[in-house]
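# Descriptive analysis of the structure
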Amino acid sequence: MKKTAKVLSLFLILFTCFGVTVAGQNKKADKDTRNWVYEIEPVGVGTQGSYLIKVWSYSKKPIVAIEQAKKNAVHGIIFKGFTGIQGVPGQRPLTNNPNLEVEQAEFFKNFFAEGGKYMKFVNITNDGSVAAEDRLKIGKEFKIGVVVSVNVAGLRKDLEDAGILRGLNSGF
Amino acid sequence: MVLFSGLYAQNPTGKVNTKYLRPSITMLFSQPKDADEEVVISKFRNLEVNSKFDNHRIDYPDMKPIEPLNLQKNALIEKYVRGASNPVIAKWWGRDANGSFNYSLVAERGSYTATDADAIISRGSNTSRIEMIGEQLIDKSYILLYEITDLYSMEEYYDRQDALNRKLKNYTPVKRTDEGYNCDYKVYAYKINFNDSVASEFYSRYWVDPKNPDKQKVAAWADATFPVKLIALTGGSVRSAQSKEKSLNTKKKTMRELLEDIPANIQNNAVFELGRRIEDFKLKVTVFKAYPVSAKLGTKEDLYIDQRFYVYEIEQDKSGNQKTNRKGVVRVKTINDNKQVATGSSLPSVFQQVDGGRIYQGMFMESKEDYGLILNIGKNGSSNNAMEGFNIGADFRISRFLKKPGWHLGIDASLRSMKDVYAGDIGTSTRYLISSSELCSGSTYAIAVNLSKESYFTRKGNVYLRPQFGVGLQSYSFKEVGGYEIASDNKDYSWSSLYVPIGIGIGWNITPMFSLEMKPGVFARFAASTDNKEKLIQSAAPVIDNWGFGSIGKMNVGTTNTICLRIRF
């Protein structure tokens, strides 16, 4: 009986430690996301209704930066846009209201939550590994570039349906 | 054998080049000077290039021989190669009889060199990424100019050896055991510069297609050449020979067949040497998964078992300048057949880490080929003093031929001197040699040929096990017995026996080049005989028998323990 109690206690401690670790990682990821520290560059002209972009995210752990890439990509398309390169035109953000994120804070909190709706509109476009040239160590942290495809048409429609963005023909 | 090589700096940008874009190879030749060279060059012309390159064969006349002492030699070679740049670029763009260009070959080669990641990104894009890759490949066009500097038969080789040896005091003619040829060669590796500005000029001055005909541009093409740069120069000597004894050859070749074997040997040596020196020839890839370490390279890149790669972390400073920091060393363990156009789902090849720290997915891998030669220097201890001493050896990697990782064929030797030792009563069936009251001095050696396999059981591969077995010869040579000096050619006092060593090395890879190894083992030594082929008989063993004389006439066993430094080349 005593032995069983000891084993159970050990498991309890292990589970607690594991929980703290995972929570810590998510917290760090969320912190990076809240700061929205990322850069976007075009990779090519996306297929109909989509953008093909590379999102550079920063984190001390590459895996965290990769996880945040999708979220950063959708955030960037809505709020930042990106400048063009040769053969690929730049794109303006979906909103030109600089205060939209604050005004609709509750909506975007849920939208960008872990497993949130943003995931519907973005896909990682690689063979399962970040390319070597997209995994850079800068000081003590990593700068990770992930190529993603963002379904801009679907994203715009969803935000319009939710009343976050005005429709393209609503202003006339 | 490589005589010399040169290297010129490449890639001065601050970014690390992480992509392997298949270079294309155009082989050109210096005009043959005689019939034998004609055979070699004819065979060479039709040789396929290594599969990690694209064969960019053109129809172009051979270079006229240039005297070695001609001060203008380099300029003349460059002029010749520059002339060849015209048909090279014409082939890239599929120039037809009307002078029109097309994208067929560029697109085809672009598709073949594209990686899984390229294929996946291309599917998500409206622009042709693959065609863009194809255009980048033109800037990876290399012209290899092969020059045979000397081609001579083995008879000529022996004549030259004898001529050299005649200057020595004790001249004896060399044994003329082999027949065949030796060939000395040089390879000049030139790169055609087809960067953005050259490409832009090409399009504006020469581009013609069926929709955009232009007679002036077609005419201008006749004088078009493109900038070339000597990137590396290597040379060496190869031999294609066989024993004159028919019984020693599995298949007796004709002299012409021996000549025709030379081009493949030259090409293998040249590609290996240039592959170590030309940045574009080094395989580059991303670590696809870690543990087991895998990467998307394979037969298309001519990967071979135990080929060495370094794994790097790319570090970037605040100015955006990048540098590589080595994190580990891996060797090819299994090879995937990827000789097809990438679709996005090709399987990776698997690598075994053999040195360094933890490797992560996304790190950068680059080939750093070694010669597969390991030198061992150390000390060998044994229960039998005659088996121990200063230890020296060499292992040659044979895994590439066996297609199994870790296998080496080696030679191991231990040497020791012997001073004032009692050997007991030893003789042969016909005569007495040493009595138990006589002190003996001389030397011993044990030399064995062995087969071993380096095996790794840890993820980082810093530690390895190397089981080995072999067969060898253990020998005693006496200089003095009972106060009497023994002549060095006295065969009665030179004894030897066969032995079979078995051991297991436990090694620690300190760096990619140096390893420390401890190798405990056992041996079985068989009865010894004199160099006169007389069996030795021990009639009274010495009281203290540290040198194995007590069991000289029969099979005996013992233990060994070797500690050595292994230096990998």
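As the structure is a computational prediction, the values presented were derived from the model and not from experiment.

Let's shift gears to the overall build of chain B. Within chain B, the regular secondary structure consists of ten helices and 26 strands. The principal-axis extent of the C-alpha atoms belonging to chain B is close to 105 × 55 × 40 Å. Across the 569 residues in chain B, those meeting the buried criterion constitute 37%.

Scanning chain A from terminus to terminus reveals five helices and five strands. In sequence order, chain A lays out its α and β elements as α-β-β-α-α-α-β-β-β-α. When each of the 172 residues of chain A is scored for burial, the buried share is 37%. When contacts within chain A are restricted to residue pairs at least 6 apart in sequence, long-range pairs at least 24 apart make up 62% of them.

Residues and elements named next belong to chain B. Glu37, Val39, Val40 and Phe44 are the residues of helix α1 (residues 35-45) that are buried. Viewed end-on, α1 has its buried residues packed into an arc of 155 degrees, placing them on one side of the element. Tucked inside the fold, the buried residues of α1 contact β2 (24-29), β4 (141-153), β5 (178-192) and α9 (255-277).

Two strands pair when backbone bridges link them, and strand β4 (residues 135-138) of chain A and strand β9 (residues 308-316) of chain B are joined in this way by two bridges, in the parallel orientation. Considered in β9(B), the bridge of A:Leu136 is made with B:Ile314. Bridge analysis of β9(B) against strand β10 (residues 322-334) of chain B gives nine bridges, and the strand direction is antiparallel. Directly across from B:Arg308, in β10(B), lies its bridge partner B:Arg331.

All names here are of chain B. Structurally, chain B comprises domain 1 (2-279), domain 2 (283-367) and domain 3 (373-568). Taking only C-alpha atoms into account, the centre of domain 2 sits 41 Å from that of domain 3. If you look at the interface, domain 2 gives 14 residues, while domain 3 gives 14 residues. No other element matches the five residues that strand β11 (residues 349-356) contributes to the side of domain 2 that touches domain 3. Classifying every residue of the side of domain 2 that touches domain 3 gives five nonpolar, four polar and five charged.

Attention shifts here to the nonpolar core. If you look at the biggest cluster of nonpolar residues, it comprises 64 residues, and the most contacted ones within it are A:Ile53, A:Ala73, A:Val74, A:Val148 and A:Val150. A per-element tally of this core places helix α2 (residues 62-79) of chain A first, with eight residues. Formed jointly, this core draws a minimum of three residues from each of two domains, domain 1 (2-279) and domain 2 (283-367) of chain B. Leaving out residues up to four positions away in the same chain, A:Val150 has contacts with A:Ser50, A:Tyr51, A:Ile53, A:Ala73, A:Val74, A:Ile77, A:Phe121, A:Val122 and A:Leu155. The next biggest cluster of nonpolar side chains, apart from the first, holds 55 residues, and it includes B:Val81, B:Tyr142, B:Ile192 and B:Phe281.

All names here are of chain B. Taken N-terminus to C-terminus, the directions of helix α3 (residues 104-113) and helix α5 (residues 129-138) make an angle of 100 degrees; their axes are 7 Å apart at the nearest point. Taken together, the axis directions place α3 and α5 in an arrangement best described as roughly perpendicular. The segment α3 lies against α5, with Val106, Ala107, Arg109, Gly110, Ser111 and Thr113 engaging Ile130, Glu131, Ile133, Gly134, Glu135 and Leu137. For the contact of α3 with α5, the per-class residue count stands at five nonpolar, four polar and three charged.

Moving on, we get to the packing of helix α4 (residues 116-123) of chain B against α5(B). Each pair of packed helices gets described by two things: the angle between the helix axes and the distance between those axes. All names here are of chain B. Close contact between α4 and α5 brings their axes to 9 Å; oriented N to C, the two are set at 135 degrees. Between α4 and α5, the angle falls in the class oblique. Contacts between α4 and α5 involve Asp118, Ile121 and Ser122 from the former and Arg129, Ile130 and Ile133 from the latter.

Attention now moves to the interface of chain B and chain A. Taken together, the contacts link 22 residues of chain B with 23 residues of chain A. Mapped onto the side of chain B that touches chain A, the elements with two or more residues apiece are α4, β7 (284-289) and β9 of chain B. By residue class, the composition of the side of chain B that touches chain A is eight nonpolar, ten polar and four charged.

Residue and element names in this part refer to chain B. Every second residue of strand β12 (residues 364-367) is oriented toward a common face, with Phe364 and Glu366 on one face and Met365 and Ser367 on the other, all of them buried. Taken together, the three bridges between β7 and β12 define a ladder with antiparallel strand orientation. From the neighbouring strand, Thr286 faces β12, where its bridge partner is Phe364. Pairing of β9 with β12, which is carried by four bridges, proceeds in the antiparallel orientation. Bridge assignment links Tyr312 to a residue of β12, and that residue is Phe364.

Our focus in this paragraph is unusual backbone geometry. In this model, B:Tyr291 is joined to B:Pro292 through a cis peptide bond whose omega is -5 degrees. Along the polypeptide, B:Pro292 turns up in the loop between β7 and β8 (293-295).

Looking at the secondary structure, you find A:Thr83 in the loop between α2 and α3 (100-103). With 56 residues separating them along the chain, A:Thr83 and A:Gly139 place their C-alpha atoms 27 Å apart.

With that settled, consider the sheet that holds strand β17 (residues 432-434) of chain B. Neighbouring strands of a sheet are bound in pairs by backbone hydrogen bonds; such pairs are parallel or else antiparallel. Residues and elements named next belong to chain B. Taken in spatial order, the three strands of this open sheet run β17-β16-β25, and their pairing is antiparallel. Sheet topology places β17 and β25 (537-540) at the edges, where each strand pairs with a single neighbour. Here the average twist between neighbouring strands, direction ignored, is 35 degrees. Examined bridge by bridge, strand β16 (residues 425-427) and β25 share three bridges and lie antiparallel to one another.

All names here are of chain B. In this fold, Tyr80 is placed in helix α2 (residues 73-92). Exposure remark for Tyr80: the 22 C-beta atoms within 10 Å place this residue in the buried category. When the C-alpha positions of Tyr80 and Arg45 are compared, they lie 18 Å apart, and in sequence the two are 35 residues distant.

Residues and elements named next belong to chain B. By secondary structure assignment, the location of Lys252 is in the loop between β6 (228-243) and α9. Lys252 sits ten residues away from Gln242 along the chain, and the two C-alpha atoms are 7.8 Å apart. When sequence neighbours within four positions are dropped, the list of residues in contact with Lys252 reads Gln242 and Lys246.

Take the confidence of the model for chain A next. Fine structural detail should not be taken from predicted coordinates in areas where pLDDT scores are low. All names here are of chain A. Summing up the model confidence of chain A, the mean pLDDT is 80 and the portion of residues at 70 or higher is 77%. Per-element mean pLDDT across chain A ranges from 53 in helix α1 (residues 2-35) up to 94 in β4. The low-confidence segment residues 14-23 (pLDDT under 50) makes zero contacts with residues lying over four places distant or belonging to another chain.

To continue, consider the confidence of the model for chain B. Residue and element names in this part refer to chain B. On average, residues of chain B carry a pLDDT of 90, and 97% of them reach 70 or more. Overall, residues 1-11 carries pLDDT values under 50, and its contacts beyond four positions in sequence, including any with other chains, amount to 26 contacts. Both confidence scores are given for the complex: pTM 0.87, ipTM 0.79.

Quick notes on the rules
Residues numbered from 1 in each chain as written. Chains lettered and ligands numbered in written order. Predicted model: local features only at pLDDT ≥ 70, side-chain atom pairs only at ≥ 80, totals over all residues. Helix = DSSP H or I, 4+ residues; strand = E, 2+ residues; numbered from the N terminus. Buried ≥ 20, exposed ≤ 12 C-beta atoms within 10 Å, placed from the backbone. Contact = placed C-beta atoms within 7 Å. Arc of directions from axis to C-beta. Pairing = 2+ DSSP bridges. Domains from an automatic or database assignment. Nonpolar A, V, L, I, M, F, W, Y, C, P; charged D, E, K, R; others polar. Core = buried A, V, L, I, M, F, W, Y, C linked by C-beta atoms within 7 Å. Axes fitted to C-alpha atoms, helices over the stretch in contact; angles between N-to-C directions. Parallel < 35°, antiparallel > 145°, perpendicular 65-115°, else oblique. pLDDT = per-residue confidence, 0-100.

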